[in-house]
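Commentary on secondary and tertiary structure
Residues per chain, in single letters:
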Amino acid sequence: MMTTTASTRAVVTGRKSSEPFRPAGPRRREQLVSWAFLAPFLIAFALFLVWPILHGIYLSFTDQSLTGAGGDLVGFANYAEALGDPVMWQSLWNTVWFTLLSTVPLVALSLIMAALVDRGLPGQWLWRLSFFMPYLLASTVISQIWVWIFNPQIGAANNILKALGLQPLAWLQNPDTNMLSIVIATVWWTVGFNFLLYLAAMQNIPAQQYEAASLDGAGAWRQFWSITLPQLGPATVLILILQILASLKLFDQAYQMLGGVASDTTRSIVQYIYEAGFVNYRFGFSAAISYVFFALIIIVGVAQALVTRRRKVQ
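Counting from 1, residues in each chain are numbered in the order their sequence is written. Confidence filtering applies because this is a predicted model: local features only for residues at pLDDT of at least 70, side-chain atom pairs given and counted only at 80 or more, and all residues used for totals across whole chains, interfaces and linings. Only hydrogens and water are removed before side-chain values are computed, so all heavy atoms of the structure are retained for them.

Side note on the confidence of the model for the protein chain
Low-pLDDT portions of the prediction should not be read for the details of their coordinates. By definition, pLDDT measures how confident the predictor is in each residue, and it falls between 0 and 100. Of the residues in the protein chain, 90% reach a pLDDT of 70 or more, and the chain-wide mean stands at 87. Any two residues whose heavy atoms approach within 4.5 Å at even a single point are treated as in contact. Below pLDDT 50 for its whole length, residues 6-15 participates in 7 contacts with residues either more than four positions away or in separate chains.

So, the pattern of salt bridges
Basic side-chain nitrogens of Lys or Arg form a salt bridge, by our definition, when they fall within 4 Å of a carboxyl oxygen of Asp or Glu. The full count for this structure, using the stated rule, is 3 salt bridges. R267 serves as the salt-bridge partner of D264, at 3.8 Å between the closest nitrogen and oxygen. The class for D264 is exposed, based on a relative accessible area of 56%. Through salt bridges that share partners, D264, R267 and E275 make up one connected network. Residue burial is assigned from relative accessible area. The probe radius is 1.4 Å, only protein chains are included, and a residue is buried under 20% of its type maximum, exposed over 50%, and partly exposed in between.

Observations regarding helix α7 (residues 156-163)
Among all positions in α7, only A157, N158 and L161 are buried. Projection of α7 onto a plane perpendicular to its axis shows the buried side chains occupying an angular sector of 90°, all on one side. When the buried face of α7 is taken as reference, the exposed residues oriented beyond 90 degrees from it are I160 and A163. Secondary structure is summarised from DSSP: a helix means a run of H or I of at least four residues, a strand means a run of E of at least two, and numbering begins at the N terminus for each. Among the structural elements, α6 (139-149) are those in contact with the buried residues of α7. Where α7 ends, the next residue or the one after it, G165, has phi of about 80°, a positive value. The arc under discussion is defined with respect to the helix axis, by the directions toward the C-beta atoms.

Here we look at α6
The set of residues buried in α6 consists of S139, I142, S143 and W146. Along the long axis of α6, the arc covered by the buried residues comes to 100°, so they all point the same way. As for α6, its buried residues are in contact with α8 (178-203) and α12 (252-257).

Description of the environment of A262
If you trace the backbone, A262 turns up in the loop between α12 and α13 (269-279). In this structure the C-alpha to C-alpha distance between A262 and A170, which are 92 residues apart in sequence, comes to 16 Å. Among all residues touching A262, those that are not within four sequence positions of it are R267, Q271 and E275.

Observations concerning the packing of aromatic side chains
Describing an aromatic ring pair means giving the distance of the ring centres and the angle of the ring planes. Under the pairing criterion, centres of Phe, Tyr and Trp rings, with the six-membered ring standing for Trp, must be within 6.5 Å; the plane angle then separates stacked pairs below 30 degrees from edge-to-face pairs above 60, leaving the rest tilted. Under the counting rule described, the total for this entry stands at 21 aromatic pairs. Centre to centre, the rings of F131 and F195 are 5.1 Å apart; their planes meet at 80°, and the pair counts as edge-to-face. Placement of F131 in helix α5 (residues 124-132) and of F195 in helix α8 is noted, with a sequence separation of 64 residues between them. Classification of F195 as buried rests on a relative accessible area of 0%. Aromatic pair Y291 and F294: ring centres 6.4 Å apart, planes at 80°, arrangement edge-to-face. Linking Y291 with F294, this pair stays in helix α14 (residues 283-313), spanning 3 residues, or about one helical turn. Members of the aromatic cluster, each reached through a chain of ring pairs, are F251, Y255, Y274, F278 and F283. Whether a charge sits over a ring depends on NZ of Lys or CZ of Arg being within 6 Å of the ring centre and within 35 degrees of the ring normal. For the cation-ring pair, R282 lies above F285, with the distance from its terminal atom to the ring centre recorded as 4.4 Å.

A few points about unusual backbone geometry
Although it is not a glycine, Y281 adopts a positive phi angle of roughly 65°. Considering the arrangement of structural elements, one finds Y281 in the loop between α13 and α14.

As for the packing of helix α4 (residues 86-118) against α8
Angle between the axes and distance between the axes: these two values describe a pair of packed helices. All axes here are fitted lines through C-alpha atoms, helices being fitted over the stretch that makes contact, and every angle between N-to-C directions spans 0 to 180 degrees. The N-to-C vectors of α4 and α8 enclose an angle of 40°; their axes lie 6 Å apart at closest approach. Looking at the two axes, α4 sits oblique to α8. When you trace α4 past α8, the crossing you get is right-handed. Classifying every residue of the contact of α4 with α8 gives 21 nonpolar, 7 polar and 1 charged. Note on terminology: angles under 35 degrees are roughly parallel, angles over 145 are roughly antiparallel, angles of 65 to 115 are roughly perpendicular, and the others are oblique. For any pair of crossing helices, the crossing counts as left-handed if the nearer helix is rotated counterclockwise from the farther one by less than a right angle, and right-handed if it is rotated clockwise. The nonpolar class holds Ala, Val, Leu, Ile, Met, Phe, Trp, Tyr, Cys and Pro. Asp, Glu, Lys and Arg form the charged class, and all remaining residues, Gly among them, are polar.

So, the side chain of D85
Counting through the fold element by element, D85 comes out in the loop between α3 (77-83) and α4. His residues and chain termini do not enter the charge count, which takes Lys and Arg as positive and Asp and Glu as negative. Despite its burial, D85 pairs with no opposite charge; the closest candidate is R282, at 7.1 Å N-O. Polar contacts here mean pairs of N or O atoms no more than 3.5 Å apart (in protein, one a potential hydrogen donor and the other a potential acceptor; neighbouring residues in sequence count only if both atoms are side-chain atoms). Within the structure, D85 has its side chain in polar contact with the side chain of Y272 (distance 2.3 Å). Ignoring anything within four residues of it in the chain, the contact list for D85 reads Y272 and F285.

Below, the structure is given as structure tokens:
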């Protein structure tokens with residue numbers, strides 16, 4: 001009788017007889033409790049991410065102004081103007097150029113710093129603190145520090161050049177060196193984060209591998225090339241992705257170090273979006289530029305994902 005009842009219940013409820021039977025009431029209560037816990041996150045996600053994205057897309061098809069004027073639909077006119085705007089393309093090139101200049105030293109220097117600490121450099125806690133401390137500072141603090149360092153009259157950078165017998169430079173005022181100055185400040189500021197990622201990856205490599213290599217007569221340099229570097233591949237990919245995405249968002253340090261004055265060699269795409277929206281009051285045009293930039297970031301992200309997947313397959 002009990003077998004027949006269990007079989008009948010399985011047919012009616014669609015559950016296997018081996019699964020415990022739970023009444024519909026408690027199960028519905030569990031679902032409601034789950035949704036109650038998720039509700040605050042979903043509300044915040046919709047208010048602060050989904051709605052701004054949708055509203056921004058709508059604004060990009062209008063002539064909305066910061067003053068409240070306009071708001072009429074203009075179709076793809078803003079996108080057509082953005083794609084035909086030489087200032088936007090120059091700003092985009094400046095952003096790409098900054099990304100290329102900063103990514104290489106940020107990866108290479110962080111790898112060297114992590115290798116030195118991982119191999120037993122004396123006073124490791126002091127080196128870790130020194131390498132990571134600048135990353136904890138705000139961009140405004142970093143900008144002011146380097147504005148003084150690059151000061152043409154009393155800055156430490158020109159004092160070093162004079163000591164080496166070289167001519168002093170107007171680091172931030174010269175269009176040939178102002179982007180390089182921003183790159184130097186950015187590398188000093190953010191290299192500590194990549195250093196920690198590399199150091200964590202190195203400390204996850206089993207020590208037995210180094211011991212076996214030492215028994216085979218491999219020196220420190222050979223161990224680094226044959227053991228450490230090959231196993232840092234995933235960490236390097238992660239650092240490259242994070243670094244490229246961070247560099248593409250260049251704005252605050254460049255804006256602050258140059259006193260808000262944009263030049264043809266340092267204006268980033270994010271700064272041009274800011275100028276279009278908050279200086280020229282063209283919210284619709286600013287939104288269109290931002291979504292063109294967003295599309296380019298998506299393309300870069302997809303390309304990186306495809307390259308990473310191909311390497312894993314090989």
